[in-house]
There are 2 protein chains.
Amino acid sequence: MTPNRVAIRFEGQNYTYKQLYELSYRKAGYLQKLGVKKGDYVACLLKNHLDTAVVLVSLQLIGGVAVLLNNRLTAEELLWQLSDSKTGLLITERDFVEKISVVSSQLDRLTLVWKETIDAVPFEEPVILEEIELQAVCTVMYTSGTTGNPKGVLQTYGNHWWSATGSALNLGIHEEDSWLCAVPLFHISGYSILMRSLIYGMKLVLHDTFQPDKVIKVIKDEKVTIMSVVTTMMIRLLDSLGEEKLPTTFRCMLLGGGPAPLSVLEQCVERNIPIYQTYGMTETSSQIVTLAPEYSIEKLGSAGKPLFPSQLKIIAADGSEAGAYQSGEIIVKGPNVTKGYLHREHEHEKYFLDGWFKTGDIGYLDKDGFLFVQDRRSDLIISGGENIYPAEIEGVITSHPQIEDAGVIGVADPKWGQVPVAFVLTKADLTEEEVKEYCKGKLANYKLPKKVYFVEQIPRNASRKLLRRVLREML
Amino acid sequence: MTPNRVAIRFEGQNYTYKQLYELSYRKAGYLQKLGVKKGDYVACLLKNHLDTAVVLVSLQLIGGVAVLLNNRLTAEELLWQLSDSKTGLLITERDFVEKISVVSSQLDRLTLVWKETIDAVPFEEPVILEEIELQAVCTVMYTSGTTGNPKGVLQTYGNHWWSATGSALNLGIHEEDSWLCAVPLFHISGYSILMRSLIYGMKLVLHDTFQPDKVIKVIKDEKVTIMSVVTTMMIRLLDSLGEEKLPTTFRCMLLGGGPAPLSVLEQCVERNIPIYQTYGMTETSSQIVTLAPEYSIEKLGSAGKPLFPSQLKIIAADGSEAGAYQSGEIIVKGPNVTKGYLHREHEHEKYFLDGWFKTGDIGYLDKDGFLFVQDRRSDLIISGGENIYPAEIEGVITSHPQIEDAGVIGVADPKWGQVPVAFVLTKADLTEEEVKEYCKGKLANYKLPKKVYFVEQIPRNASRKLLRRVLREML
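In this report, the structure presented in the accompanying data block is examined.

Thresholds applied
Residues numbered from 1 in each chain as written. Chains lettered and ligands numbered in written order. Predicted model: local features only at pLDDT ≥ 70, side-chain atom pairs only at ≥ 80, totals over all residues. Heavy atoms only, no water. Phe/Tyr/Trp six-rings, centres within 6.5 Å; stacked < 30°, edge-to-face > 60°. Buried < 20%, exposed > 50% of the residue type's maximum accessible area, 1.4 Å probe, protein only. Lys NZ or Arg CZ within 6 Å of the ring centre and 35° of its normal. Axes fitted to C-alpha atoms, helices over the stretch in contact; angles between N-to-C directions. Helix = DSSP H or I, 4+ residues; strand = E, 2+ residues; numbered from the N terminus. Parallel < 35°, antiparallel > 145°, perpendicular 65-115°, else oblique. Contact = heavy atoms within 4.5 Å. Nonpolar A, V, L, I, M, F, W, Y, C, P; charged D, E, K, R; others polar. Core = buried A, V, L, I, M, F, W, Y, C linked by side-chain atoms within 4.5 Å. Pairing = 2+ DSSP bridges. Right-handed = clockwise from strand over helix to strand, strands pointing away.

Focus on the packing of aromatic side chains
Then, in step 1: One pass over the full model with this rule turns up 19 aromatic pairs over all chains.
Then, in step 2: Here Tyr364(B) and Phe372(B) contribute two aromatic rings whose centre-to-centre distance is 5.2 Å and whose plane-to-plane angle is 5°, an arrangement assigned as stacked. Phe372(B) carries the same exposure label as Tyr364(B), and that label is buried.
Then, in step 3: Taken together, the ring pairs connect Trp161(A), Trp162(A), Phe308(A), Trp161(B), Trp162(B) and Phe308(B) into an aromatic cluster.
Then, in step 4: One Lys or Arg, Lys313(A), reaches over the ring of Trp356(A) and ends 4.5 Å from the middle of that ring.
Then, in step 5: The side chain of Arg94(B) reaches across the aromatic face of Trp114(B), ending 4.7 Å from its centre.

Observations concerning the packing of helix α5 (residues 157-171) of chain B against helix α6 (residues 188-200) of chain B
Residue and element names in this part refer to chain B.
Then, in step 1: It is the contact of α5 with α6, at a shortest axis distance of 9 Å, that shows an interaxial angle of 75°. In this view, α5 runs roughly perpendicular relative to α6, as classed from their interaxial angle. Where α5 abuts α6, its residues Tyr157, His160, Trp161, Ala164, Ser167 and Ala168 lie against Ile188, Tyr191, Met195, Arg196, Ile199 and Tyr200.
Then, in step 2: Residues that form the contact of α5 with α6 fall into these classes: nine nonpolar, two polar and one charged.

What about the nonpolar core?
Then, in step 1: In this structure, Met227(A), Met234(A), Met253(A), Met227(B), Met234(B) and Met253(B) are the most contacted members of the largest nonpolar core, which totals 168 residues.
Then, in step 2: In contact with Met234(A), not counting residues within four places along its chain, are Val229(A), Met253(A), Leu255(A), Val264(A), Cys268(A), Ile273(A) and Ile275(A).
Then, in step 3: By size, the runner-up hydrophobic cluster in this structure holds 41 residues, among which are Ala75(A), Leu82(A), Ile397(A) and Val424(A).

Observations concerning the sheet that holds strand β6 (residues 111-114) of chain B
Residues and elements named next belong to chain B.
Then, in step 1: With respect to topology, six strands assemble into an open sheet ordered β6-β5-β3-β4-β7-β8, the strand pairing being mixed. With partners counted over all chains shown, the strands left at the sheet margins are β6 and β8 (151-156), one partner each. On average, each strand axis in the sheet is inclined to that of its neighbour by 25°, with strand direction left out of account.
Then, in step 2: Both strand β4 (residues 65-68) and strand β7 (residues 137-143) contribute to a ladder of three bridges, which runs parallel. Each bridged residue has a counterpart across the sheet, and for Leu68 the counterpart in β7 is Met141.
Then, in step 3: Set on the sheet, helix α4 (residues 97-106) makes contact with β3 (41-45), β5 (89-92) and β6; between it and β6 the angle comes to about 165°.
Then, in step 4: The sheet contacts of α5 involve β7 and β8, and relative to β8 the element is tilted by about 65°.

Things to note about the pairing of strand β4 (residues 65-68) of chain A
Residues and elements named next belong to chain A.
Then, in step 1: Side chains Val65 and Val67 of β4 all project onto a buried face; the interleaved residues Ala66 and Leu68 project onto the opposite face, where all are buried too.
Then, in step 2: Pairing of strand β3 (residues 41-45) with β4 involves four bridges; the strand directions are parallel. When the bridges of β4 are listed, Cys44 appears paired with Leu68.
Then, in step 3: For the crossover from β3 across helix α2 (residues 50-62) to β4, the handedness is right-handed.

These results come straight from atomic positions and should not be treated as a statement about function.
Rendered as structure tokens:
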């Protein structure tokens, strides 16, 4: 619609929608030549580059489904996700060559495509989809859960579309908008910015890493209007900003990835940073609840109201709908909510209740319908914006032949918000270092327990369910 | 979502979303007591009032389908539309008592509900729909066509939703937006403003009639940011404005209802009125093509590009897709396009081609994909923003026992854009006044032929098809 508008700005260079289309069209031609067809799952292990955006758009053009892999995963974790998704083709880049050599040595059927050399295959004119079905799956992103096994969240084009329009109806769309993406494109936080850009015809300012000083400079010099952050990033931005203020052209700091401490919100209010608290998850294709501007002070600490037309309910312990101020599980419904997990159709009723997605998170609504999130899925640890599921760490620890049982909880950390710590019951003598060493390579660094406590019993109830509350007391 | 924002401003009074909901909730209770159930067709013959908006919202709350009747129709025309739609209940107001007494005397099964006395029936708690199906029909608006028989266009909630979001993606949404509605709520031009307000959470400034001085004052004093007009209104606004300029807070003049003369567009450019040419129809639930701001000068005279994600094609005479600059019939597709006409499912293929709606209008795309509309459905006359179909007038004229044949065309008119004139072949002596008198009461005033020419033959081809081109030459 608007070929001359800037689509992406990366490393000081502007790429218009026309250029982005042309680059993606060519990339689609190479991918098609490599055998990618409509509906194929194509794994991507890529950093935030222009090229990554081009690959993701090119997959949309020919209907390939992107399985987005977290860059921080170990070879073992990658293997698990590649096997689980039954993906036959992986697009990656040289920086990951070590991990990838381990992965490919164990997965025969995996075709490796290096970002750096895609264009070396012969080009063929791609068959571009004239229309996109809203029901078609666009992306798969893995998320763990209470069971410990990462599951591939199916995100359809419709999920992304409704997420983007719901966000627009809440935050508005201004002609001069540009959205700074310093969060990973492989996370829904980053991918959703790419989708909003494509749908709004808006400039996306893409950063390969998060550097507070660079971000502040770009917000000032290039008149960025919106940015997505997690609490850790916000704290670092406030530190770098010092007494300075952001220019008034900057209109929205979208804060996701877990609740922010009140002190951070108050500092933002003091410095006129228009902060929008949000609540969302991979399964809701980014924010599903956001605090509208007129309530940012009055309802400080609330995540806001659902984005139109999504719905939200609190279910009390007895299964009934909770009243105002009554805590319970947050369940959500809407066209931005996933239809389920990849290859787990048979487990549907575990995650859904009459069409509502059970988030596992705890919260309440006040009398005006504003959501206050009290606790993410009882056991979820959010560390620097990354979700960590204790069950996954516990699974790795207990796979050690000398360990009988283990329990993991998150503890507060000034830099990362939370970090995981482990309680271990051993069969023989083991040191903290040995346990940590054992986990390395099996778990991404951010998931490694920062501390290991040796205990004589892991608290469990009669049905062997781990009592994390007791671990917390023990601590 | 935003109960404290102003939903509607009418006659100097603000009504918040909370108040609008409460008023509509009560109205829904009365309508339910009167027997209105989900899926019922409820005709509305109402002027632009707060009450009208409340009735329309209350119908949405309980799932009633609004059959919106044009206020200017005669009793006979109303009878036709009420019969065709099989509507059992009509909500109207005292000002139409004369027409309505004629209508009700001839339609036994019609229950009349007077706007002024709805609230006199006992109230019952209405059953409010918790969710709205996008596929459900929301409104029916009658439009004539080349056949002369008005047809009820089905507009679903999905049609309205996608129209509103498509417009938002093009025009943007600003927090301080308010949209002035001085076009009828019974037309898609007005109803679509109501829908946008409900979906965006935006202030609608409702005027009962179009008064240029009042409009200019309100734009200045109340910081209206957007207004919908047709060419006739724009000309009158320019006249009233004189050398004055609109405040810079006013950001969009959405011009629909037929192409505007270049002189009008140029005057708007001169006076910094941000004019957005649009192209749309009842069947597309308002604008489907709009000229984006950055092209308003470069592509002056174009209606723009389709609103995302609607599609548009030009079909050449031989049925193939036309190339750039090649004229042909405009066909459109998208989630804002009607699924068909009420009770005319069997005629579907007359109006649709492989899922594309055949507009009957003629135009071309330039090399950049911008639409230039050359001619509305060959015979369509647009007079002051109202569509007039010659076949309907011809039908009335030839029903006169002394008239053998007739043909109607539109001629240019400085005030209304176009007005209809008739060519008549009589069996006996008749005066121009007699013909005009005969049409009165059978046709709304704006459809009455402004001139009657008596001729010795109505030009028709071998298959008896009227040759309007020859009528034009005869004139």
